[in-house]
Amino acid sequence: MKKYFSALFIILLTSVFAKAQNQQFSKSLGSTSGGTTQPFLFSVNTLTEDAPAWNFNYTGSYGEHTAGPFGYDGVDQQFAVKGYLGNRFTLFANADLGFAHNGSTTTAQQAEVIRDFVGGKTFSGARFGLGLGVNRDFSNTGAIFSRVTASFEAASWRVGGNMRFEKAFSKTRDRIDLVSSIGFQHRITGPVFAGIEAVGEDLEGFWEADETEGGAKLLVGPSIHVAPTNSKFSFSVSGGPVFHATHSTVLPSEAIRDVGILGTQNGYTIRAMVAFNLH
């Protein structure tokens, strides 16, 4: 049944994508990507005055032997809202509904505010920001976190990444967890950008042999983003293999993560996002 719904979702997403592609758009190679709301799926970017002010995002994902979006192994449905608050502040909040492989259903929530301290007045060029947030993961563990964001937007290419420091309110978790991500995309044609994303989780495992979450884990995979001109919709797809770069003798907890892995097995995850711009 889960595979049926997953296949149905992919078919519907493909249909919406095809319909959007048929819309008239004339974005030239020299234009900026000011309509981009969320180009990367494993990094959060900030918004500016000349970018979409508010948008709703739906993300569907599937993971095998991976903590997937916010620490989930199975099918996850995420609904998010993102908006520009003014004065270079960006709000991002989401709620997840996860369907585990064992048939159980769980939820997770997260909210954060990010402010650009370098750049951020226009969408093009370099931006550097700092954010604070709170979350509750699928294992019902609360945490606070800080996120450092960096990005550069040009007419034909973009690069962006995050570094996140998290403190979970659980004695079985690390004092501070570190998650980093980076992505690069280049314009292929018109509104279509393609590139690569890389994510590192629990990177403290490279220097801590007893890292609580099981060791450092990495994901590297392709990334595609499409934002048709004259359309309120944009689309993103990314994913790839998730593997252990180091191993710890400590069993990993079900920590909230952008990528992750259960036990000591390697796995994979894939995400597809549809964003609706209210601007």
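Residues numbered from 1 in each chain as written. Predicted model: local features only at pLDDT ≥ 70, side-chain atom pairs only at ≥ 80, totals over all residues. Heavy atoms only, no water.

Asker: Please give an account of the overall build of the protein that cites residues and values.
Answerer: Assigned secondary structure in the protein consists of one helix and twelve strands. Starting at the N terminus and walking to the C terminus, you meet the elements of the protein as α-β-β-β-β-β-β-β-β-β-β-β-β. The 279 residues of the protein split such that 53% are buried. Within the protein, contacts between residues at least 6 apart in sequence are counted, and of these 60% link residues at least 24 apart. As displayed, the protein offers around 12300 Å² of accessible surface, 68% of which is attributable to carbon and sulfur atoms. (Helix = DSSP H or I, 4+ residues; strand = E, 2+ residues; numbered from the N terminus. Buried < 20%, exposed > 50% of the residue type's maximum accessible area, 1.4 Å probe, protein only. Contact = heavy atoms within 4.5 Å. Areas by Shrake-Rupley, 256 points an atom, 1.4 Å probe, with all protein chains shown as cover.)

Asker: Outline the pattern of salt bridges, supporting the account with residue identities and numerical values.
Answerer: Across all of its chains, the model carries four salt bridges by this definition. A salt bridge links R147 to E112; the nearest nitrogen and oxygen atoms lie 2.8 Å apart. Of the two residues, R147 sits in strand β6 (residues 142-153) while E112 sits in strand β4 (residues 105-118), which places them 35 residues apart along the sequence. Taken individually, R147 and E112 each receive the classification buried, so the pair is uniform in this respect. Residues E166 and R164 are paired through a salt bridge, measuring 2.8 Å at the closest nitrogen-oxygen approach. (Salt bridge = Lys/Arg side-chain N within 4 Å of Asp/Glu carboxyl O.)

Asker: Explain a nonpolar patch on the surface to me, using residue names and the numbers behind them.
Answerer: A cluster of nonpolar side chains, namely F117, V118, F128, L130, V148, M163, F165 and I176, defines an oily patch on the protein surface of about 700 Å² accessible area. When residues of the nonpolar patch are traced back to their parent elements, those giving at least two are β4, β5 (125-136) and β7 (157-168). Looking at the element boundaries, F165 is found in strand β7. With a relative accessible area of 35%, F165 lands in the partly exposed category. (Patch = residues over 30% accessible without salt bridge, like charges linked within 9 Å, V, L, I, M, F, W, Y side chains within 5 Å.)

Asker: Tell me about the environment of T246, residues and numbers included.
Answerer: By secondary structure assignment, the location of T246 is in the loop between β11 (233-244) and β12 (267-277). Taking C-alpha positions, T246 is 5.2 Å from A216, a pair spaced 30 residues apart along the chain.

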